[in-house]
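Each chain, letter by letter, is given below.
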Amino acid sequence: MDQHLPPDAPVASLTEFADIPRHAATLSAWGSVAGPSAPVAIGLATVIAATAWSKGSLRPSGAIAAAVVGSIALHAGWSWGGFLIVWFAWVTLGTRLGRARKEARTAGIVAKGGQRDATQVMANGGIFAAAATLSLLRGDLAAHAAVWGAAALAAAGADTMATEIGTWIGGAPRSVRTGRPVPTGTSGAVSLAGSVSMVGSALGLTAVAVAIGLVSAPHWWIVAVAGVFGAVVDTVAGALLQQRRWCPSCETPTEQMRHSCGMSTRHRGGWRWLGNDEVNLLCTASAAVLAWRLASMLA
Ligand SMILES: [Zn+2]
């Protein structure tokens, strides 16, 4: 080993030492804890998405979309990627709980099953990916982007869990539009179990966002309020605006274009172009906009 240090070594060390507070400040800035390099982020996200596909949680198109969203989030920072991974584990758990019972209860109603495709992934995670991208491009906006990105994902998680737990253990849900009981799985219908799951999920995901360092503790309530708001918007839009279809053969309401009996269904009300995926995008977007407004008011 060379024991003769160059004469400028102590000076260099002191310079590095002086840099420590600056590095520490960067690391502690909320929502900007440096993530892995792009190749590592892409590799890790691809492995997780491929695993979810092999376990039947995602369709192939959904796995590709999830790998893209995951790569962006991980590259934006460990807090972004970590929050996305916990969120995905949470909604996957919710989807799997009582799956057989849920499928039996909603067989003729829901448009898509438990396997998410690319449109569903982007409706739920697109806003979060946009927020992560903004934080990568504009470090000065990273803390704000983290608040509305977290709110969008909290809303998507709250809405998903409301549906999953509600259709699993909830009683006959009531339509927000008519106030009358409707078949389990109908969009825009609420049950007590579903509503409790919605609020509980929004609060739980908010706690994760704070614990993981994505959102600063004083901003927790913005994520929680906006998350619940987005899920409520989803329910109301699902009840009042989303297209409703009818199977003339079974004489039953459904969200399927072709009913589980094989018969083509008829448009019966609501906006034809507004399906479940569009309503989910409205859910995450409305949460992000409210969080952005609230965070701007505080700034
Ligand atoms: Zn039918």
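Reading the values: the criteria
Residues numbered from 1 in each chain as written. Predicted model: local features only at pLDDT ≥ 70, side-chain atom pairs only at ≥ 80, totals over all residues. Helix = DSSP H or I, 4+ residues; strand = E, 2+ residues; numbered from the N terminus. Contact = placed C-beta atoms within 7 Å. Core = buried A, V, L, I, M, F, W, Y, C linked by C-beta atoms within 7 Å. Buried ≥ 20, exposed ≤ 12 C-beta atoms within 10 Å, placed from the backbone. Expected span 1.5 Å × (residues − 1). Pairing = 2+ DSSP bridges. Axes fitted to C-alpha atoms, helices over the stretch in contact; angles between N-to-C directions. pLDDT = per-residue confidence, 0-100. Parallel < 35°, antiparallel > 145°, perpendicular 65-115°, else oblique. Nonpolar A, V, L, I, M, F, W, Y, C, P; charged D, E, K, R; others polar. Left-handed = near helix turned anticlockwise from the far one by under 90°.

**A closer look at the overall build of the protein chain**
Next up, step 1: If you tally the helices and strands in the protein chain, you get ten helices and five strands.
Next up, step 2: Intrachain contacts of the protein chain at a sequence separation of at least 6 include 72% that bridge at least 24 residues.

**Let's talk about the nonpolar core**
Next up, step 1: A150, A151, A152, V223, A287 and A291 are the most contacted members of the largest nonpolar core, which has 77 residues in total.
Next up, step 2: Looking at which element gives the most residues to this core, the answer is helix α7 (residues 142-169), with 17 residues.
Next up, step 3: Setting aside chain neighbours within four positions, we find A150 in contact with F83, A209, L214, V215 and V223.

**Section: helix α2 (residues 38-54)**
Next up, step 1: Compared with an ideal rise of 1.5 Å per residue, which puts 17 residues at 24 Å, α2 spans 24 Å between its outermost C-alpha atoms and is within 8% of the ideal.
Next up, step 2: On its buried face, α2 sits against α3 (60-76) and α4 (78-96).
Next up, step 3: Just downstream of α2, G56 is the residue with a positive phi angle, here 85°.

**Here's the deal with the sheet that holds strand β3 (residues 244-247)**
Next up, step 1: Taken in spatial order, the three strands of this open sheet run β4-β3-β5, and their pairing is antiparallel. Of all the strands in the sheet, just β4 (252-254) and β5 (266-269) have a single pairing partner and so form its edges. On average, each strand axis in the sheet is tilted by 45° relative to the strand beside it, whichever way the strands run.
Next up, step 2: Where β3 lies against β4, three bridges are found, and the strand directions are antiparallel. Each residue of the ladder has a partner; that of C247, found in β4, is T252.

**Structural notes on the environment of T119**
Next up, step 1: With respect to the secondary-structure elements, T119 resides in helix α6 (residues 118-137).
Next up, step 2: For the pair formed by T119 and A65, sequence separation is 54 residues and the distance between their alpha carbons is 8.3 Å.

**Structural notes on the confidence of the model for the protein chain**
Next up, step 1: In the predicted model, the protein chain carries a mean pLDDT of 87, and 89% of its residues have values of at least 70.
Next up, step 2: Considering only residues more than four positions removed or in separate chains, one finds that residues 1-32, a stretch of pLDDT under 50, has 21 contacts.

**Topic: the packing of α6 against helix α10 (residues 276-298)**
Next up, step 1: Taken N-terminus to C-terminus, the directions of α6 and α10 make an angle of 5°; their axes are 8 Å apart at the nearest point. Regarding the angle of α6 to α10, the classification is roughly parallel. Here T119, Q120, A123, N124, G126 and I127 of α6 come into contact with α10, specifically with D277, N280, L281, T284, A285 and A288.
Next up, step 2: In the contact of α6 with α10, the residues fall into five nonpolar, six polar and one charged.

**What to know about the packing of helix α9 (residues 220-240) against α10**
Next up, step 1: Running from N to C, α9 and α10 point in directions that differ by 145°, and their axes come no closer than 8 Å. The crossing of α9 and α10 is right-handed. Packed against α9, whose contacting residues are I222, V223, A226, G227, F229, G230, A231, V233, D234, A237 and G238, the element α10 presents V279, N280, L282, C283, T284, S286, A287, L290, A291, L294 and A295 at the interface.
Next up, step 2: Here the residues of the contact of α9 with α10 are counted per class, giving 15 nonpolar, six polar and one charged.

**Looking at unusual backbone geometry**
Next up, step 1: Phi angles above zero are rare outside glycine, and E251 is one such case at about 50°.
Next up, step 2: Looking at the secondary structure, you find E251 in the loop between β3 and β4.

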